Amino acid sequence: MEALDDLCRKILIHIYKYGPDSPKYMAHRLLGASGWAPTYDQVKLKEACKKMESMKLLTVFSGPLKRSPTSSVKPWIKIKAREVNYKPAGIYYDLTREGKKIASQLYKENRKNE
């Protein structure tokens, strides 16, 4: 198996900790980062996800992301949340069985170093 670079490791830990995500959104919130401007380059994230998909560590996620509404202020969110297979546009990635094993090890190492 090829060696994973730092960005790939961060992506695996992020998906392990937070669940399926899209490179577009990970550019803004990778490993809990927040802010208006993206922290990481979306193109590099997408390339890293494709690379890990070819290594059988990630798979394209096809199920619903959430089943409950997140806002009482915006009623249209509740309507969208009721739809069975609704998910925002974009390609979402999830971990494969092998990806979960590696991500679990990386997550534990990362927690020890903090």
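Residues numbered from 1 in each chain as written. Predicted model: local features only at pLDDT ≥ 70, side-chain atom pairs only at ≥ 80, totals over all residues. Heavy atoms only, no water.

Enquirer: Would you mind showing me how to read helix H3 (residues 42–54) here?
Expert: One full turn of an α-helix is made of 3.6 residues, so residues set three or four places apart face in the same direction. The first and last C-alpha atoms of H3 sit 18 Å apart over 13 residues, in line with the 18 Å expected at 1.5 Å per residue. For H3, the set of buried residues is Leu45, Ala48, Cys49 and Met52. Around the axis of H3, the buried residues are gathered within 100° of arc, so they sit on the same side. Seen from the buried face of H3, the exposed residues on the opposite side, beyond 90 degrees, are Glu47 and Ser54. Looking one or two residues past H3, Lys56 carries a phi angle of roughly 65°, positive in sign. (Helix = DSSP H or I, 4+ residues; strand = E, 2+ residues; numbered from the N terminus. Expected span 1.5 Å × (residues − 1). Buried < 20%, exposed > 50% of the residue type's maximum accessible area, 1.4 Å probe, protein only. Arc of directions from axis to C-beta.)

Enquirer: Just to check I follow, could you spell out the nonpolar core for this structure?
Expert: Burial of nonpolar side chains together is a common tendency in soluble globular proteins. Formed by 23 residues in total, the largest nonpolar core has its most connected members in Leu4, Ile11, Leu12, Met52 and Leu58. Looking at this core element by element, the count peaks at 6 residues for helix H1 (residues 6–18). Residue contacts for Met52: discarding those within four places in its chain leaves Leu4, Cys8, Ile11, Leu12, Leu57 and Leu58. (Core = buried A, V, L, I, M, F, W, Y, C linked by side-chain atoms within 4.5 Å. Contact = heavy atoms within 4.5 Å.)

Enquirer: Help me out: how do you make sense of the pattern of salt bridges in this one?
Expert: It is possible for side chains of opposite charge to pair when their charged atoms get near one another. Inspection of every chain in the model, using the stated rule, returns 2 salt bridges. Asp6 is the salt-bridge partner of Lys10, the closest N and O atoms lying 3.5 Å from each other. On the criterion of helical spacing, the pair formed by Lys10 and Asp6 is a turn pair, its members being 4 residues apart in helix H1. Judged by its relative accessible area of 24%, Lys10 is partly exposed. A salt bridge links Arg29 to Asp21, with the shortest nitrogen-to-oxygen separation between them at 2.7 Å. The class of Asp21 is buried, set by a relative accessible area of 3%. (Salt bridge = Lys/Arg side-chain N within 4 Å of Asp/Glu carboxyl O.)

Enquirer: Honestly, the packing of aromatic side chains in this entry has me stumped. Any pointers?
Expert: The relative placement of two aromatic rings is captured by the distance of their centres and the angle of their planes. Enumeration over the complete set of coordinates arrives at 2 aromatic pairs. With a centroid separation of 6.3 Å and an interplanar angle of 40°, the aromatic rings of Tyr25 and Tyr92 are classed as tilted. Here the residue Tyr25 occupies a position in helix H2 (residues 23–29), and Tyr92 occupies one in strand S2 (residues 92–95), the gap between them amounting to 67 residues. On the accessibility criterion, Tyr25 (26% relative accessible area) is partly exposed. (Phe/Tyr/Trp six-rings, centres within 6.5 Å; stacked < 30°, edge-to-face > 60°.)

Enquirer: What's the story with the side chain of His14 in this structure? I'm lost.
Expert: Relative to the helices and strands, His14 is located in helix H1. Residue classification places His14 among the buried residues on the basis of a relative accessible area of 2%. Among the polar contacts listed, one links the side chain of His14 to the side chain of Asp21, at a separation of 2.8 Å. Once residues within four sequence positions are removed from consideration, His14 is found in contact with Gly19, Asp21, Met26, Arg29, Leu30, Leu31 and Gly32. (Polar contact = N/O pair within 3.5 Å; in protein donor to acceptor, adjacent residues only side chain to side chain.)

Enquirer: Whenever I open this one, the packing of H1 against helix H5 (residues 97–113) confuses me. Can you help?
Expert: Angle between the axes and distance between the axes are the two parameters that describe a pair of packed helices. The geometry of H1 relative to H5 is characterised by a closest axis approach of 9 Å and an angle of 95° between their N-to-C directions. The angle between H1 and H5 falls in the class roughly perpendicular. Residues Arg9, Leu12, Ile13, Tyr16 and Lys17 of H1 lie in contact with H5, whose contacting residues are Lys100, Ile102, Ala103, Ser104, Leu106, Tyr107 and Asn110. Broken down by class, the residue content of the contact of H1 with H5 amounts to 7 nonpolar, 2 polar and 3 charged. (Axes fitted to C-alpha atoms, helices over the stretch in contact; angles between N-to-C directions. Parallel < 35°, antiparallel > 145°, perpendicular 65-115°, else oblique. Nonpolar A, V, L, I, M, F, W, Y, C, P; charged D, E, K, R; others polar.)

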